[in-house]
Structures are given as C-alpha cells and as structure tokens.
Amino acid sequence: MRHLTRVFDLNTYEIKLLLEKAFFLKESFKYGQPRRSLTGKVLALLFEKPSTRTRVSFEAGMQRLGGTTIFLSSKDLQLSRGEPLKDTARVLSRYVDAIVVRTFGQEVVEELARWARVPVINGLSDQHHPCQGLSDVMTVIEKKGDITKLKVAWVGDGNNVAHSWMEMAARLGFHLWLACPEGYDPDPEIRAEVEKEAPGVIHLVRDPKEAVRDADVINTDVWASMGQEKEAEERKKVFSPYQVNAELLKYAKPDAIVLHCLPAHRGEEITEEVLEGPQAVVWDQAENKMWLHMALLEWLLTG
Ligand code: CP
Ligand code: NVA
C-alpha cells in the first residue's frame, strides 16, 4: 500500500515516472483518446480547508479516467463529533479506493495513512503540499526543459508549498534559492532532512534580489496561508520587501517564468502586472495539477 503524505514518500525514479505519465496523459487527451483506466473506482476527498484547484482537478481527473468521487467536508462526517481518525480511516477504506485529504496538521494525514487500507494522498497540510510540488515541476519542465540546469527561486514564506519544492529539489537534484524574511524560514526539521538527502541543493538567503538574480524560475505563494488569517496584517508588513513585481523581475533572466500555486493576492505577494504579464505561467500551472493528479491516481490504483 503506497501513500503520498509528502514528496519524500516517493523516490527519484517514481517521481520521474509520474511526471512522464502526466505528460503522456496530457498529450493523449489532447488528441481525444479516451482512457477508462479507473472505471469502477471511487475516490473520496476529505477536506477541512477550502479548495478550488486541488478539489476540482482531482474530481475532474478521476471522472476523465472513468472513476467517480465523493466529496466530504469534515463538518459532515462523524469526525466533527469526535469519531477518531483511525476509525474513519478504516471505515472509508471499506467503501472507497483512495482518499485525498486536505487538513491542518500533517499528523492527521499520517494517522489516516497509518490506518487506511487504501492509498491516502495529502491534498495540502500545514507542512506539505506534495501534489503542488510535483505538478509545479511538471510545468517548469514543460516550459524550460531539464530542471537541473536551471536556477530556481522561491520568494516569500517558507511554507507548505516551499517544503514540497525543497523535497522535489532533493529528489531531482536541482538547486533551489529561497529568500524568506527572518522568522519565516522553512521548518528546520524538514530542511535538515532535505540537506541530509541532498547536501547543498538548498540556498537560504534573506535578500530576494540574491535569490532571483539570473534565475530561470521564480516562484511565490501567499504571505498568510490558510489557518494563519490572524497573522495576515503582521505578515503584510514583514513580507512587503518580498513582493514579486516588475522591479524584482529585472534581476532574473529576461525569459524567466513566474509560478504561483494560486489563489493569488494581487498587490501583496505578486503584482497584477506580473501575474497577468507574459512571464507568468500560472494558468498552465493550474491545469497541470489535473494531469499530474490523474497520473498519481492511475499509479496508486492500478500499479
Ligand atoms: N494550489 C491549490 O492547491 O489551490 P486550491 O487551494 O484552490 O486547491
Ligand atoms: N500556502 C497556501 C497554499 C494554498 C494552495 C496555503 O496553505 O494556504
């Protein structure tokens, strides 16, 4: 039984295989080739936080492959009345073939994975967003080719998406420059694990210009993630020098691409001009989530 609780659940070979499969699915659907590899399979989505892309891309992807989905907000389950996760996991496993979970603590994902008898996929926790890391790298490869030859920058919060990018850097061997304000670095434990797996791939700096200088890829995300709403005002002050704007882009290569996992807060972490400008690839990035999720579901459910 395989789960995807974080990128490090996968080895390099498996990541490359998933990326190849995602490109293949994208190409074959473009030519209208029907594929019903998941007929009769049922996917449950257990979400404790809102979602547009992750939810809809998993649901649409499952249906495109012939499967069906059940969306469950945690409010509707007996979980909300205190039924233990381990019981929920064992019961859901008798009904469905895989579970996508979006939650707060990573320990919730891990507890579900421990008890489920079907694959559990992390659709975002406070610590990790592995599906995002995987599909974002797909977008970089699609636009720029071999990622190991690129300078990749992350500007802003050392958050869940940043952690998954760091683990992708370790597994694929590309260098990742992160510019984070003091106090908002990536989790030191995750950083240590990444350093152990792949010494020297992570470069943590304070100055966004240093991270972005001659970069091929610039990545950012919101300054206050879901669950941090109370810190939003304070974070706006701390993060203001970390905005991805036209001025910062001047330091990157002229053909650098800009990624944002979305939803974006225009005028905060990214300007309208950059988000709507020619270097942003965010809509293709959002689309690729679906192809990557389809590849992941096929791999987990059919081997
Ligand atoms: N990028 C992403 O995970 O978006 P949603 O929150 O809309 O799922
Ligand atoms: N870091 C953001 C990502 C949203 C897709 C959050 O956790 O809210």
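- Labelled according to an unreviewed UniProt entry, the protein chain appears under the name Ornithine carbamoyltransferase, originating from Thermodesulfatator atlanticus.
- Its UniProt record gives the protein chain the following Subcellular location (unreviewed entry) comment, quoted word for word: "Cytoplasm".
- Under the UniProt heading Catalytic activity (unreviewed entry), the entry covering the protein chain gives this text: "carbamoyl phosphate + L-ornithine = L-citrulline + phosphate + H(+)".

1. Remarks on the side chain of Ser-74
- By secondary structure assignment, the location of Ser-74 is in the loop between β2 (68–73) and α3 (85–95).
- In this view, Ser-74 contacts Leu-46, Phe-47, Glu-48, Leu-79 and Ser-80; residues no more than four positions away in its chain are not counted.

2. Some remarks on the UniProt feature "domain: Aspartate/ornithine carbamoyltransferase Asp/Orn-binding" (unreviewed entry) in the protein chain
- In this structure's numbering, the residues bearing the UniProt feature "domain: Aspartate/ornithine carbamoyltransferase Asp/Orn-binding" (unreviewed entry) are residues 149–300.
- Within the segment residues 149–300, helix and strand shares are 41% and 14% respectively, and the terminal C-alpha atoms sit 30 Å apart.

3. Details of the pairing of β2
- By the bridge criterion, six bridges tie strand β1 (residues 42–47) to β2 in an arrangement that is parallel. From the neighbouring strand, Val-42 faces β2, where its bridge partner is Thr-68.
- A crossover connection joins β1 to the parallel β2 through helix α2 (residues 53–64); in handedness this β-α-β unit is right-handed.

4. Thoughts on the site of ligand 2
- Taken together, Leu-124, Asn-159, Asn-160, Asp-221, Val-222, Ser-225, Met-226 and Leu-262 form the complete shell of residues around ligand 2.
- Between ligand 2 and Asn-160, the relevant distance is 2.8 Å, taken from an oxygen atom to a side-chain nitrogen or oxygen of the residue.
- With the chains in place, 94% of the 270 Å² that ligand 2 exposes on its own is no longer accessible.
- Cavity membership is defined here by more than half of the atoms lying within 2 Å of grid points; on that basis ligand 2 lies in the largest pocket.
- Per-class residue counts for the shell around ligand 2 are four nonpolar, three polar and one charged.

5. What to know about α3
- Residues of α3 that are buried: Thr-88, Ala-89, Leu-92 and Ser-93. Down the axis of α3, the sector holding all buried residues measures 130 degrees, keeping them to one side.
- The secondary structure elements touched by the buried residues of α3 are β1, β2, β3 (98–102) and α4 (106–115).

6. Quick notes on the environment of Asp-187
- Position of Asp-187 among the secondary structure elements: in the loop between β6 (175–179) and α7 (188–197).
- The spacing of Asp-187 and His-163 is 24 residues in sequence and 7.8 Å in space, taken between C-alpha atoms.

7. Side note on the layout of surface pockets
- What the largest pocket holds in volume is close to 740 Å³.
- Lining the largest pocket are 42 residues; nearest its centre among them are Asn-160, Val-222, Ala-224, Ser-225 and Met-226.
- The element that contributes the greatest number of residues to the lining of the largest pocket is helix α9 (residues 232–239), accounting for four residues.
- A per-class count over the lining of the largest pocket returns 13 nonpolar, 15 polar and 14 charged.

8. Looking at the UniProt feature "binding site: L-ornithine" (unreviewed entry) in the protein chain
- On the UniProt side, "binding site: L-ornithine" (unreviewed entry) is annotated at positions that read Asn-160, Asp-221, Ser-225 and Met-226 here. With the annotated positions falling across 67 residues, the maximum pairwise C-alpha distance of 11.6 Å places them together in a single cluster. Cross-referencing the annotated residues with the lining of the largest pocket gives Asn-160, Asp-221, Ser-225 and Met-226.
- Structurally, Asp-221 can be placed in the loop between β8 (217–220) and α9.
- When near neighbours in sequence (up to four residues on either side) are disregarded, Asp-221 contacts Trp-154, Val-155, Asn-159, Asn-160, Val-161, His-260, Cys-261 and Glu-269.
- Within the fold, Ser-225 resides in the loop between β8 and α9.

9. Overview of unusual backbone geometry
- Cis geometry is found at the peptide bond from Leu-262 to Pro-263, where omega equals 5 degrees.
- Tracing the backbone shows Pro-263 in the loop between β9 (257–260) and α11 (272–275).
- Backbone geometry at Leu-124 places phi at a positive 115 degrees, although glycine is not the residue there.
- Here Leu-124 is to be found in the loop between β4 (120–122) and α5 (130–144).

10. Here we look at the nonpolar core
- Formed by 61 residues in total, the largest nonpolar core has its most connected members in Phe-58, Ile-121, Ile-147, Trp-165, Phe-174, Leu-176 and Leu-296.
- The greatest single-element share of this core, amounting to 10 residues, is contributed by helix α12 (residues 282–302).
- Once you skip the residues sitting within four places of it in the chain, Ile-121 turns out to touch Leu-4, Phe-58, Ile-99, Val-100, Val-101, Cys-131, Leu-296, Leu-297 and Leu-300.

11. Focus: the packing of aromatic side chains
- In the structure shown here, the tally under the stated rule is six aromatic pairs.
- Within the aromatic cluster, the residues linked to one another by ring pairs are Tyr-184, Trp-223, Phe-239 and Tyr-242.
- Seen from the ring of Phe-104, Lys-49 lies directly overhead, with NZ or CZ sitting 4.6 Å from the centre.
- Across the ring face of Trp-177, the terminal group of Lys-151 is positioned such that the distance to the ring centre comes to 4.8 Å.

Analysis parameters
Residues numbered from 1 in each chain as written. Chains lettered and ligands numbered in written order. Predicted model: local features only at pLDDT ≥ 70, side-chain atom pairs only at ≥ 80, totals over all residues. Heavy atoms only, no water. UniProt positions renumbered as here; feature names shortened; annotations may be inferred. Helix = DSSP H or I, 4+ residues; strand = E, 2+ residues; numbered from the N terminus. Contact = heavy atoms within 4.5 Å. Pairing = 2+ DSSP bridges. Right-handed = clockwise from strand over helix to strand, strands pointing away. Near = heavy atom within 4 Å. Polar contact = N/O pair within 3.5 Å; in protein donor to acceptor, adjacent residues only side chain to side chain. Areas by Shrake-Rupley, 256 points an atom, 1.4 Å probe, with all protein chains shown as cover. 1 Å grid on protein atoms, 1.4 Å probe; cavity = no way out; pocket = protein on both sides within 12 Å on 5 of 7 lines; lining within 4 Å. Sits in = over half its atoms within 2 Å of the grid points. Nonpolar A, V, L, I, M, F, W, Y, C, P; charged D, E, K, R; others polar. Buried < 20%, exposed > 50% of the residue type's maximum accessible area, 1.4 Å probe, protein only. Arc of directions from axis to C-beta. Points joined across faces, edges and corners; volume = space filled by probe spheres on them. Core = buried A, V, L, I, M, F, W, Y, C linked by side-chain atoms within 4.5 Å. Phe/Tyr/Trp six-rings, centres within 6.5 Å; stacked < 30°, edge-to-face > 60°. Lys NZ or Arg CZ within 6 Å of the ring centre and 35° of its normal.

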